[in-house]
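Listed below, chain by chain, are the residues.
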Amino acid sequence: SAVISQKPSRDICQRGTSLTIQCQVDSQVTMMFWYRQQPGQSLTLIATANQGSEATYESGFVIDKFPISRPNLTFSTLTVSNMSPEDSSIYLCSVGPGLRGTDTQYFGPGTRLTVL
Amino acid sequence: GENVEQHPSTLSVQEGDSAVIKCTYSDSASNYFPWYKQELGKRPQLIIDIRSNVGEKKDQRIAVTLNKTAKHFSLHITETQPEDSAVYFCAAVQGYQKVTFGIGTKLQVIP
């Protein structure tokens, strides 16, 4: 399986500030995904990050609030901008389906964000 | 887009009993159905998956069945153990596209 790391693992932030989350993969992947998981909830896709093109955002998520970078095939960042307590959540990056010819999607360990 | 419904949302079973979680999907183009287990504070981990050209797949105490005609698939866990306690998510995938998850089932295995 792919090795995926995220930084930071957790953070506590003040409202109105921004936090950038990093995701690193041990192999080159075409598609990376960013999810949000609120307490006790399922995973909600924020956007798909493709190398060399703009990220594709899902309904309810906008680039101004969640800008994404994808500078190469092993790395991506998600920024949570102008944070409010409602942004408190776990943010996970994932890779696949399609990694190494498989359908499987692998998840990073997640970033637990608390906004005060 | 795809919509995945999952039930029950919570499930309690006695240790040694079986647990069944059911999901339905809406888009007949979905062709891959993974199941994830998420323990408290950890990332979702793939436990078993099934492709649309297969009706059933088994891995030790875990099995998944798929009915393409009815667009539903199920996870079966036999001889449940306390370490099976977790949240389980079903999902549906079209080709190498984004994954649509169910709402999750919190399984509690009572010793």
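So, how was this worked out
Residues numbered from 1 in each chain as written. Chains lettered and ligands numbered in written order. Predicted model: local features only at pLDDT ≥ 70, side-chain atom pairs only at ≥ 80, totals over all residues. Heavy atoms only, no water. Helix = DSSP H or I, 4+ residues; strand = E, 2+ residues; numbered from the N terminus. Buried < 20%, exposed > 50% of the residue type's maximum accessible area, 1.4 Å probe, protein only. Areas by Shrake-Rupley, 256 points an atom, 1.4 Å probe, with all protein chains shown as cover. Lys, Arg positive; Asp, Glu negative; His and termini not counted. Charge placed at Lys NZ, Arg CZ, Asp CG, Glu CD. Contact = heavy atoms within 4.5 Å. Pairing = 2+ DSSP bridges. Axes fitted to C-alpha atoms, helices over the stretch in contact; angles between N-to-C directions. Phe/Tyr/Trp six-rings, centres within 6.5 Å; stacked < 30°, edge-to-face > 60°.

Q: Please provide a residue-by-residue account of the overall build of chain A, values included.
A: If you tally the helices and strands in chain A, you get zero helices and 11 strands. Along chain A, helices and strands appear, N-terminal first, in the series β-β-β-β-β-β-β-β-β-β-β. Counting all 116 residues of chain A, 52% fall into the buried class. Of the roughly 5,300 Å² of accessible surface on chain A, a fraction of 49% belongs to carbon and sulfur atoms. Each charge sign in chain A was given a centre, from 8 positive and 8 negative side chains, and these centres are 8 Å apart.

Q: Residues and numbers for the side chain of Ser52(B), please.
A: Tracing the sequence through the fold places Ser52(B) in the loop between strand 5 (45-51) and strand 6 (56-59). Excluding residues that lie within four positions of it along the chain, Ser52(B) makes contacts with Ser30(B), Asn31(B), Phe33(B), Leu66(B) and Lys68(B).

Q: If you had to explain the sheet that holds strand 1 (residues 4-7) of chain B to someone new, which residues and values would you point to?
A: The pairing of strands in a sheet comes from backbone hydrogen bonds and takes either a parallel or an antiparallel form. All names here are of chain B. Here five strands make up an open sheet; going across it, the order is 1-3-8-7-6 and the pairing antiparallel. A single partner strand is all that each edge strand has here, and the edge strands are strand 1 and strand 6. The mean angle between the axes of side-by-side strands here comes to 15 degrees, regardless of whether they run parallel or antiparallel. Where strand 6 meets strand 7 (residues 62-67), four bridges bridge the pair, whose relative direction is antiparallel. Paired with Lys-58 across the strands is Ala-63, a residue of strand 7.

Q: Just give me the short version of the packing of aromatic side chains, but keep the residues and values in it.
A: Following the criterion strictly, the structure yields 11 aromatic pairs over all chains and no others. On the basis of an interplanar angle of 45 degrees and a centroid distance of 4.6 Å, the ring pair of Tyr25(B) and Phe33(B) is categorised as tilted. Here the aromatic rings of Tyr25(B) and Phe73(B) are separated by 6.0 Å at their centres, their planes lie at 55 degrees, and the arrangement is tilted. One end of the pair, Tyr25(B), is in strand 3 (residues 19-25); the other, Phe73(B), is in strand 8 (residues 72-77), with 48 residues separating them in the sequence. An identical accessibility class is assigned to Tyr25(B) and Phe73(B); each is buried. Through successive ring pairs, a cluster of aromatic residues spans Tyr35(A), Phe107(A), Tyr36(B), Phe89(B) and Phe101(B).

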